[in-house]
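Commentary on secondary and tertiary structure
Listed below are the residues making up each chain.
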Amino acid sequence: MVEETPWQQALRYANRANPYPFYEELRRTPVARQPDGTYVVSTYQEIVTLLHDPRVSSDIRKLPVPVAAPAEGSAEAEPITEAVISLEPNIITQDPPEHDRDRRMMMPHFVGPPHSPHLISDLEPDIRRIVDGLLDHMQGKTRIDAVDEFAYPLPVTVICKVLGVPPDDEPRFHSWIETALDALDFGPEAASEEMQNRLAGGRRAVEEFEQFAAELLDRYAQQPGPGMLSAMVNEDGPEGGMSKGVLVSNALLLIFAGHETTVNLIAHSVLTLLRHPDALEKLRHRPELIVPGVEELLRFESSVQFWHTRSAMEDIHIAGTTIPKGAPIFLAYGSANRDPKRFADPDELDLERRDNQHLGFSQGIHFCFGAPLARLEVQVAVGEFVRRMQNPRLVEDPPPYRHNQIFRGPRHVLVDIDGIRD
Amino acid sequence: MTVPATVAELVREFRANGRIVIVGASLAGLRAAEALREEGFTGSLTIIGDEPHEPYDRPPLSKQVLKGWVAADHTKLPRLREVDAQWRLGVAATGLDRAARQVRTADGEQIPYDRLLIATGTRARQWPNPDEAALDGVCTLRSRDDAAQLQKALAAPPSRVLVIGAGFIGSEVASVCRELDLPVTVVERGSAPLVGALGGVIGEIAAEMQRDHGVDLRCGLGVSSLEGDAGGHVRRAHLSDGTIVDADVVVASLGSIRNVEWLEGAGLASGFWGVGCDAGGRAFDINGVVTDSIWVAGDVARAPHVLYEYQFLAMEHWDNAVLGAEAAAHNMVNLEPHYHPHLLLPGFWSGQFGVNIKSVGVPPFGDEIVFTQGSVKERHFAAAYGRRGRIVAAVTFDHGKWLEYYGKLIEQSGPFPPPPPGWDQPGDMKPIPAEFPQPGVPTAIPDVVLTGHDPSERRAEFRSRRR
């Protein structure tokens with residue numbers, strides 16, 4: 001048995017709650033070739049460099065599938081990306097010029113400027129109402145699950161409203177997303193029988209999710225309705241519209257990424273603040289710190305730990321290594337955000353951290369499309385949680401984690417409380 | 001006491017009780033004041049500014065303010081911290097006595113300093129004929145008051161606006177006019193808009209962009225004279241080809257003049273291109289000897305730049321004002337070897353005709369250009385400038401997110417042409433001449449300019465082996 005690389009160890013489920021010691025080891029080789037030929041980049045400066053390098057592709061179709069012969073001892077698993085991501089490209093897996101054109105088409109229906117600059121900020125009253133409702137609902141309880149009762153319901157309600165997805169369909173797409181996420185594994189456990197079984201289920205779930213989105217878009221094509229999806233179907237800009245396949249793929253991306261990452265960020269924020277009572281106390285006394293605070297929480301526990309669809313279109317020399325043409329590149333944002341060469345005392349939580357240009361939303365042309373909405377949701381949710389919870393205590397540390405390595409987050413965060421303030 | 005201990009004591013004493021005067025109350029002056037306090041300077045701080053306003057931000061003046069989105073007086077710069085300074089606003093500095101270490105002001109005061117920061121920036125070049133310049137409706141655009149006046153004039157609305165000079169300010173004004181659906185004529189002496197800053201190849205694209213947006217663009221022409229009506233309001237302009245343009249608002253965007261007149265006789269290396277200083281902001285005297293008590297920052301500073309053959313570089317850019325001020329402030333209250341250099345890769349942005357234009361490096365330092373990404377036809381592209389096989393600058397139209405890549409290549413003296421992208425390659429990737437105009441066309445003076453090793457004035461008397 002060959003010894004596992006720090007990256008492979010970081011991906012093991014047993015290390016999901018704390019991959020950071022493995023990241024630290026990983027950063028000793030900023031650009032580290034893995035046995036399967038993937039190059040994992042784990043340091044801040046190198047990731048930023050590659051995010052801006054036009055010789056790096058994000059297009060999954062340009063990823064050569066058989067990268068290298070499987071190293072001895074590693075199993076010949078089916079490539080996950082092939083299995084689960086069978087869709088047309090969406091903006092996160094496209095290169096310019098298609099990426100730029102499609103993102104330009106989507107942008108006016110979301111953040112809006114210059115056409116509707118208040119689209120996001122106008123959601124704040126709704127977000128506050130939802131958060132108030134969720135917290136009011138916990139009145140009288142002494143133990144809550146900050147994931148199921150708080151972190152999950154807010155973003156999913158908001159994204160349904162923004163996109164125009166019927167809230168009644170939530171249980172269905174929730175289950176597809178969970179199934180697909182649980183099926184995705186980039187680590188040494190991917191070859192296990194259990195993961196191979198999950199993979200089949202994941203593929204089915206994606207197909208059903210795709211069918212659901214296609215039907216929804218068809219309905220909006222016949223009868224326009226509220227929200228972004230209807231606008232994307234019906235309102236062609238000066239550059240025309242997207243093909244149906246690309247529309248469906250982007251719709252899936254928006255429904256999925258529009259809440260899943262925010263759920264993890266809220267859950268991790270609660271967990272992190274309960275682990276740092278001084279920071280929690282500081283935030284209670286200085287609520288305005290929620291704005292820089294959310295940036296620090298994005299750095300501290302990044303909702304997207306790494307991204308896996310990039311590859312080198314040419315030989316790229318970086319950090320003393322050459323990433324050969326055709327090699328897949330994984331950018332480990334979660335590690336870069338703890339890189340001591342970029343962030344002083346990276347393992348310390350500092351809500352007032354200066355110059356906090358974290359990679360929690362990535363950088364460059366694929367910078368998180370939903371960032372303005374996510375920031376607003378998390379600022380309101382975590383701000384109110386801190387203000388209203390009386391004497392919150394963590395029941396279980398570490399809490400149980402979800403399986404997925406990219407979208408890393410706790411499955412439950414049980415919190416004991418004395419009550420809820422008004 | 002040992003020498004180092006004595007020196008350390010002097011620095012401590014200066015930080016606690018020294019007197020610093022900053023001349024210039026705009027972006028560089030304010031950020032320097034904040035940086036000085038941040039550095040722990042607790043002595044007296046005086047900030048002198050000729051405008052009556054508190055420091056404000058200029059980039060919005062030619063954009064959001066002109067469009068009427070933001071009032072001119074809502075552009076105050078955010079304060080990063082308390083500065084606890086004596087503000088002398090609305091009073092210009094008129095002279096510097098280095099022997100007595102005093103700044104003279106327009107109201108006759110002599111303000112003493114131990115250390116001085118010069119951050120007087122630039123002003124708009126006025127229409128050269130003073131009678132014509134005094135006509136109602138003839139404007140320039142540099143200050144908040146200029147912007148308020150021009151915004152009012154555009155809101156009237158005028159029957160036609162004439163913009164003289166198609167540099168960045170002139171082009172942005174023309175863009176706002178078209179957004180407001182105002183007829184606008186742009187007269188440019190050079191071959192195309194933006195040629196001074198970006199060269200003729202990009203200038204041609206900028207020209208097409210203007211014409212596509214309905215600008216009546218006339219290049220290779222000058223304005224001979226302006227004519228007013230009986231009420232003293234401008235009505236028409238006579239162009240050098242004999243044609244006449246009827247316009248009731250005229251914007252003279254003829255570039256800027258560095259505010260150095262008040263330094264006349266002070267014996268500093270000041271002149272047309274600003275005040276010479278080292279890369280740490282310490283002013284040079286007229287003989288090229290570095291001073292110990294005077295620093296320079298912002299638009300008025302020119303310093304040797306390591307990336308550009310140590311030529312003196314003058315940068316009229318926002319980040320140069322901020323970062324130059326911070327470096328100068330740090331160096332004012334520290335001693336060697338703790339000086340910080342101000343080594344900035346120049347960069348700027350402009351918004352016009354719906355396109356975001358950004359650049360890094362010094363385009364006029366290059367003599368060739370190559371399109372590297374995107375589509376010129378759709379005006380989403382990146383291009384690199386090169387000189388002798390080295391990349392020296394880059395420009396993007398709606399492609400600003402890639403600028404970081406080019407910036408890094410420039411910093412590392414990367415190859416020209418740069419390595420091609422893996423996707424979205426422009427049709428033609430052959431380097432071509434960048435077509436920068438010969439120096440001498442005032443409207444074509446770029447806002448980042450290499451001024452050679454020479455001072456622009458030679459007032460120092462050269463006497464070798466003097467005993």
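Residues numbered from 1 in each chain as written. Chains lettered and ligands numbered in written order. Predicted model: local features only at pLDDT ≥ 70, side-chain atom pairs only at ≥ 80, totals over all residues.

1. A look at the overall build of chain A
Within chain A, the regular secondary structure consists of 16 helices and twelve strands. On C-alpha atoms alone, chain A measures out to a radius of gyration of 21 Å, which is about the 22 Å that the 2.2 N^0.38 rule sets for 422 residues. Its C-alpha atoms give chain A principal-axis dimensions of about 60 × 55 × 40 Å. A buried classification covers 46% of the 422 residues belonging to chain A. At a minimum sequence separation of 6, the contacts of chain A that also span at least 24 residues come to 75%. (Helix = DSSP H or I, 4+ residues; strand = E, 2+ residues; numbered from the N terminus. Rg over C-alpha atoms; globule rule 2.2 N^0.38 Å. Buried ≥ 20, exposed ≤ 12 C-beta atoms within 10 Å, placed from the backbone. Contact = placed C-beta atoms within 7 Å.)

2. Digging into the interface of chain B and chain A
A common way to state how big an interface is: give the accessible area lost once the parts meet. Facing the 14 residues of chain B at the interface are 15 residues of chain A. Secondary-structure elements contributing two or more residues to the side of chain B that touches chain A are strand 26 (368-375) and helix 9 (403-411) of chain B. Of the residues belonging to the side of chain B that touches chain A, the class tally is five nonpolar, five polar and four charged. (Nonpolar A, V, L, I, M, F, W, Y, C, P; charged D, E, K, R; others polar.)

3. Quick notes on the sheet that holds strand 12 (residues 216-219) of chain B
Backbone-to-backbone hydrogen bonds join strands into a sheet, with any given pair of strands oriented parallel or antiparallel. Residue and element names in this part refer to chain B. Read across the open sheet, the five strands follow the order 9-16-10-11-12; overall the sheet is parallel. Only two strands of the sheet have a single partner each, and these edge strands are strand 9 (138-139) and strand 12. Of the strand pairs in this sheet, strand 11 (residues 184-188) and strand 12 are connected by four bridges, and their pairing is parallel. Residue pairing for strand 12: V186 is matched across the bridge by L217. Helix-sheet contacts for helix 6 (residues 168-179) involve strand 10 (161-164), strand 11 and strand 16 (249-252), and the interaxial angle to strand 11 is about 165°. (Pairing = 2+ DSSP bridges. Axes fitted to C-alpha atoms, helices over the stretch in contact; angles between N-to-C directions.)

4. A look at helix 7 (residues 195-212) of chain B
Since the α-helix packs 3.6 residues into each turn, any two residues three or four apart lie on the same face. Residues and elements named next belong to chain B. In this model helix 7 runs just 18 Å from its N-terminal to its C-terminal C-alpha over 18 residues, more than 12% under the 26 Å that 1.5 Å per residue would give. For helix 7, the principal kink sits at V201 and spans about 90°. Across the 18 residues of helix 7, 13 count as buried, placing the element largely inside the fold. Looking one or two places after helix 7, you find G214, whose phi comes out positive at around 85°. (Expected span 1.5 Å × (residues − 1). Bend = angle between axes of the 7 residues up to and from the residue.)

5. A few points about the domain arrangement of chain B
All names here are of chain B. When cut into domains, chain B gives domain 1 (3-57 + 77-123 + 257-332), domain 2 (125-250) and domain 3 (347-450). Distance between the C-alpha centres of domain 2 and domain 3: 26 Å. Between domain 2 and domain 3, the contact holds 24 residues from the first and 22 residues from the second. Contributing elements (two or more residues each) for the side of domain 2 that touches domain 3: helix 6 and helix 7. In terms of residue count, helix 7 provides more of the side of domain 2 that touches domain 3 than any other element does, eleven residues in total. Of the residues assigned to the side of domain 2 that touches domain 3, the class counts are nine nonpolar, eleven polar and four charged. (Domains from an automatic or database assignment.)

6. Looking at unusual backbone geometry
Backbone torsion omega between D397 of chain A and P398 of chain A reads 0°, so that peptide bond is classified as cis. Structurally, the position occupied by P398 of chain A is in the loop between strand 10 (393-394) and strand 11 (414-416). The omega torsion across A156 of chain B and P157 of chain B is -5°, close enough to zero to call that bond cis. Inspection of the secondary structure assignment puts P157 of chain B in the loop between helix 5 (144-155) and strand 10. Phi is positive for E309 of chain B, which is not a glycine, with a value near 55°. Note on placement: E309 of chain B falls in the loop between strand 22 (301-304) and strand 23 (312-315).

7. Brief notes about the sheet that holds strand 3 (residues 86-89) of chain B
All names here are of chain B. Taken in spatial order, the six strands make up an open sheet running 3-2-1-7-21-20, and their pairing is mixed. The strands lining the two open edges of the sheet, one partner per strand, are strand 3 and strand 20 (282-284). Direction aside, neighbouring strands of the sheet carry axes that sit 30° apart on average. Alignment of strand 1 (residues 19-23) against strand 7 (residues 115-118), held across four bridges, turns out to be parallel. Opposite V21, over in strand 7, you have L116 as the bridge partner. Packed onto the sheet, helix 2 (residues 27-38) meets strand 1, strand 2 (44-49) and strand 7 and runs at close to 175° relative to strand 2. The sheet strands contacting helix 8 (residues 318-332) are strand 1, strand 7, strand 20 and strand 21 (290-296), and the helix crosses strand 21 at an angle near 145°.

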